[in-house]
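Report on the structure
Spelled out, the chains give:
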Amino acid sequence: MNQAESKARRMRPQQFHETVGLGDWRVVGEGACAYFRTGSFAVGARFVQAISELPGVGGDHPDVDLRQDGVTVRLITVTDDYYGLTERHVELARQISAAARALGVPADPSAVQTVQVTVDALAGPRVVAFWRALLGYQDRANSGEDLIDPRRRGAPFYFQHMDAPRPQRNRVHVDVWVPYDQAEARIAAALAAGGRLVSDADAPSNWVLADPEGNEACVGVAGPPGPADAV
């Protein structure tokens, strides 16, 4: 895929969520994800085999995580200049969901999430270089402030620029990306467990929380559908 074709086929999270037939899937921080409750490793293995046999799946190479009770599938394009969804993922998502239904495997969109580590940095390039070397990560699509695991397993790192030090506030925090329809429940659970709301200025896409000792975390949502969505 050349650069012009890649840009023409890019898809925003909200577009994905508003597309018919994708109710099993949720866009979080790292692409479109679905979790299928297989109930056993053997059934999960059969489901993964079915995914591998879908037409054209080799060109889109979904990330598949097989565990004892379920399978997580992630769809994302990773190129030198782009990290995200394309229109090709729509049909592949539908085919994967159809393969799950054929095996009697239900999807559970509420079980999807991704986690990102965010570091506040004054000297961004030097800080990024250290973490790149330490983690064995690589830059994300020519970004000078994002690092990803080349094996696409570990949590990505984002380096947030600071103009001045911020005393009395932590410099590293965790971003938890959840499905758009799970954010309210997840935040309520965190508050009930002793957390506090630091800011909801960017709601309904981002909330800043803190644990009982002041360590911060963000809950993020990617592209919730509009009122007339059809998923």
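In the block above lies the structure referred to throughout.
These remarks concern the structure in this document. (Residues numbered from 1 in each chain as written. Predicted model: local features only at pLDDT ≥ 70, side-chain atom pairs only at ≥ 80, totals over all residues. Heavy atoms only, no water.)

1. Points about the pairing of strand β14 (residues 206–210)
Of all five residues in β14, four are buried, a share of seventy percent or more. Summarising the sheet, strand β13 (residues 196–199) and β14 pair through three bridges and their orientation is antiparallel. Bridge pairing in β14 places L197 opposite L209. Between β13 and the antiparallel strand that follows it, β14, lie six residues. Strand direction decides the pairing type here: β14 and strand β15 (residues 216–220), joined by five bridges, are antiparallel. Its bridge partner being in β15, V208 is matched across the sheet by C218. As consecutive antiparallel partners, β14 and β15 are separated by five residues, and within that stretch G214 has a phi angle of approximately 95°, a positive value. (Buried < 20%, exposed > 50% of the residue type's maximum accessible area, 1.4 Å probe, protein only. Helix = DSSP H or I, 4+ residues; strand = E, 2+ residues; numbered from the N terminus. Pairing = 2+ DSSP bridges.)

2. Description of the sheet that holds strand β12 (residues 172–177)
Pairing is mixed in the open sheet, where eight strands are placed in the order β9-β10-β11-β8-β12-β15-β14-β13. Each end of this open sheet is capped by a strand with a single partner; those strands are β9 (138–139) and β13. With four bridges joining them, β12 and β15 adopt parallel strand pairing. Looking across to β15, one finds that V174 is bridged to A217. Most of the contacts of helix α6 (residues 124–135) go to strand β11 (residues 157–161), to which it runs at about 170°, and overall it touches β8 (114–121), β9, β10 (146–148) and β11. Here helix α7 (residues 183–192) sits on the sheet and contacts β12, β13, β14 and β15; the angle it forms with β14, its principal contact strand, is near 10°. (Contact = heavy atoms within 4.5 Å. Axes fitted to C-alpha atoms, helices over the stretch in contact; angles between N-to-C directions.)

Purely geometric numbers; function is a separate question.
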